[in-house]
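# Inside the fold
Single-letter residue listing:
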Amino acid sequence: MKRRKFVNNTAKTGLALTFLGAMACKEQSKKKEAPIAEMVEDVPLFFKISLAQWSFHRALKSGKMDNLDFAAKAQALGCEGLEYVNQFFADKAKDTAYLSQMNDRATSAGMKNVLIMIDGEGQLADVDAKKRMEAIENHYKWVEAAKFLGCHAIRVNLGGGKEMEEASKAGIDSLTKLSEFAAQENINILVENHGGFSSNGAWLANVMKQVEMKNCGTLPDFGNFCVEYGENWSCKKEYNRYKGVKEMIPYAKAVSAKSHDFDADGNETHTDYLKMMKMVKEVGYTGFVGIEYEGEGVSEEKGIELTRDLLIKVGKELS
């Protein structure tokens, strides 16, 4: 081959590779900007899809996955928002250098930090005023961490109550005080149905009515409705999940799409997602719906994908 022809061919090849590289970067950028939008094609959903970190609790607890890897994992699975669990970075609430890394990872993946789920910081429905105040103050650092991360809320639990009426009064007191503190940081305080009295939809709705704080609301979970446990944490008595979600959804500022098992058609076998999401839409909710896979029948990643696909299918039907 003559030298001139060789140089021309090489130049053309270089330009082609540059073009392909630019197109690949552009395509990757599009995926980061709107992963779900590409999946739903021409039918936009009335909600956004986030991923609850608890979906990866086995990988995180075993060390196979690190908290800082969560954002990239969620992006790869087509989600738009991140719902953190405080136990996976329990000693980092005041570590701004570490929280900055979490922000950087989320930004790099094109993800939105949505909320932090708080566990292990005391019982907010304890009748003992001193213990209750300690629990309230334990949550302050997580309110500040949520603000730093750009989240809109923290999820709390109303545990510790022995009698329904006493627990209600204690819970109202705790939520009011914590919401007053959180309001200064523009953070919402959300209560999830998470066992005990909180899994009784009517009880939790009554608490919400009496708190009277605009930044206090609920995080209805499709599956946490056990109000009485038996041996080995088996559920002895369960509150009707559809009744419970209907009672809590008017106060919702986040929603958790809990999943465990799926049939051959991709439907969750314990929860009618169409029925649940119809109630979500009817109250005008348009925020994030968090995937929270907790089953064992398939891998955590596969369970997340199945839940995501079901939400998209139902969302298209309702949209």
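If you're wondering where the values come from, they're calculated on a predicted model, not measured in any experiment. (Residues numbered from 1 in each chain as written. Predicted model: local features only at pLDDT ≥ 70, side-chain atom pairs only at ≥ 80, totals over all residues. Heavy atoms only, no water.)

## Some remarks on the packing of aromatic side chains
- Applying the stated criterion across every chain, the model contains 10 aromatic pairs.
- Their ring planes at 85 degrees and their centres at 5.5 Å tell us that Phe89 and Trp142 sit as a pair that is edge-to-face. One end of the pair, Phe89, is in the loop between β2 (81-85) and α5 (96-108); the other, Trp142, is in helix α6 (residues 129-149), and 53 residues separate them in sequence.
- You can call Trp142 buried: its relative accessible area is 0%.
- Between Phe225 and Tyr239 the ring centres are 6.4 Å apart and the planes differ by 20 degrees, which places this aromatic pair in the stacked class. Note that Phe225 is positioned in the loop between β6 (216-219) and β7 (226-229) and Tyr239 in the loop between β8 (235-238) and α9 (241-248), a separation of 14 residues in sequence.
- Here a set of aromatic residues connected by ring pairs shows up, and it is made of Phe70, Tyr84, Phe89 and Trp142.
- Between Lys48 and the ring centre of Phe288, over which it is positioned, the NZ or CZ distance is 5.1 Å.
- Its guanidinium or amino end placed over the ring of Tyr98, Lys92 lies 5.1 Å from that ring's centre, counting from NZ or CZ. (Phe/Tyr/Trp six-rings, centres within 6.5 Å; stacked < 30°, edge-to-face > 60°. Helix = DSSP H or I, 4+ residues; strand = E, 2+ residues; numbered from the N terminus. Buried < 20%, exposed > 50% of the residue type's maximum accessible area, 1.4 Å probe, protein only. Lys NZ or Arg CZ within 6 Å of the ring centre and 35° of its normal.)

## Thoughts on unusual backbone geometry
- The phi torsion at Glu212 lies on the positive side, around 55 degrees, for a residue other than glycine.
- Its location among the elements puts Glu212 in the loop between α8 (201-211) and β6.
- The backbone phi angle of Asn232 is positive, close to 55 degrees, even though this residue is not glycine.

## What to know about helix α7 (residues 164-183)
- Given a rise of 1.5 Å per residue, 20 residues ought to cover 28 Å, and the 27 Å separating the end C-alpha atoms of α7 matches this to within 8%.
- Within α7 the residues assigned to the buried category are Ala167, Ser168, Ala170, Gly171, Ile172, Ser174, Leu175, Thr176, Leu178, Ser179, Phe181 and Ala182. (Expected span 1.5 Å × (residues − 1).)

## A word on the state of the cysteines
- One pass over the full model with this rule turns up 1 disulfide.
- For Cys226, the disulfide goes to Cys235, at an S-S distance of 2.4 Å. Between Cys226 and Cys235, the S-S dihedral sits near 110 degrees, and the bridge is therefore right-handed.
- Classification of Cys226 by relative accessible area gives buried; the value is 7%. (Disulfide = S-S within 2.5 Å.)

## Focus: the packing of α5 against α6
- At a minimum axis distance of 9 Å, the contact between α5 and α6 shows a crossing angle of 45 degrees. Between α5 and α6, the crossing angle belongs to the class labelled oblique. Here α5 and α6 pass one another in a crossing that is right-handed. Residues Thr96, Leu99, Ser100, Met102 and Asn103 of α5 form the contact with α6, whose participating residues are Ala145, Phe148 and Leu149. (Axes fitted to C-alpha atoms, helices over the stretch in contact; angles between N-to-C directions. Parallel < 35°, antiparallel > 145°, perpendicular 65-115°, else oblique. Left-handed = near helix turned anticlockwise from the far one by under 90°. Contact = heavy atoms within 4.5 Å.)

## Considerations on the nonpolar core
- Residues Tyr84, Ile116, Ile154, Leu175, Met277 and Leu311 are the most contacted members of the largest nonpolar core, which totals 92 residues.
- The dominant element in this core, judged by the number of residues it contributes, is α6, at 7 residues. (Core = buried A, V, L, I, M, F, W, Y, C linked by side-chain atoms within 4.5 Å.)

## Side note on the pairing of strand β4 (residues 153-156)
- A two-sided burial pattern is seen for β4, the buried positions comprising Ala153 and Arg155 on one face and Ile154 and Val156 on the other.
- With 3 bridges connecting them, strand β3 (residues 112-117) and β4 associate as parallel partners. Bridge pairing in β4 places Met117 opposite Arg155.
- The parallel pair β3 and β4, bridged by α6, forms a crossover whose chirality is right-handed.
- As paired elements, β4 and strand β5 (residues 188-192) share 4 bridges and run parallel to each other. The residue bridging Ala153 from the neighbouring strand is Asn188, located in β5.
- The handedness of the β4 to β5 crossover, carried by α7, is right-handed. (Pairing = 2+ DSSP bridges. Right-handed = clockwise from strand over helix to strand, strands pointing away.)

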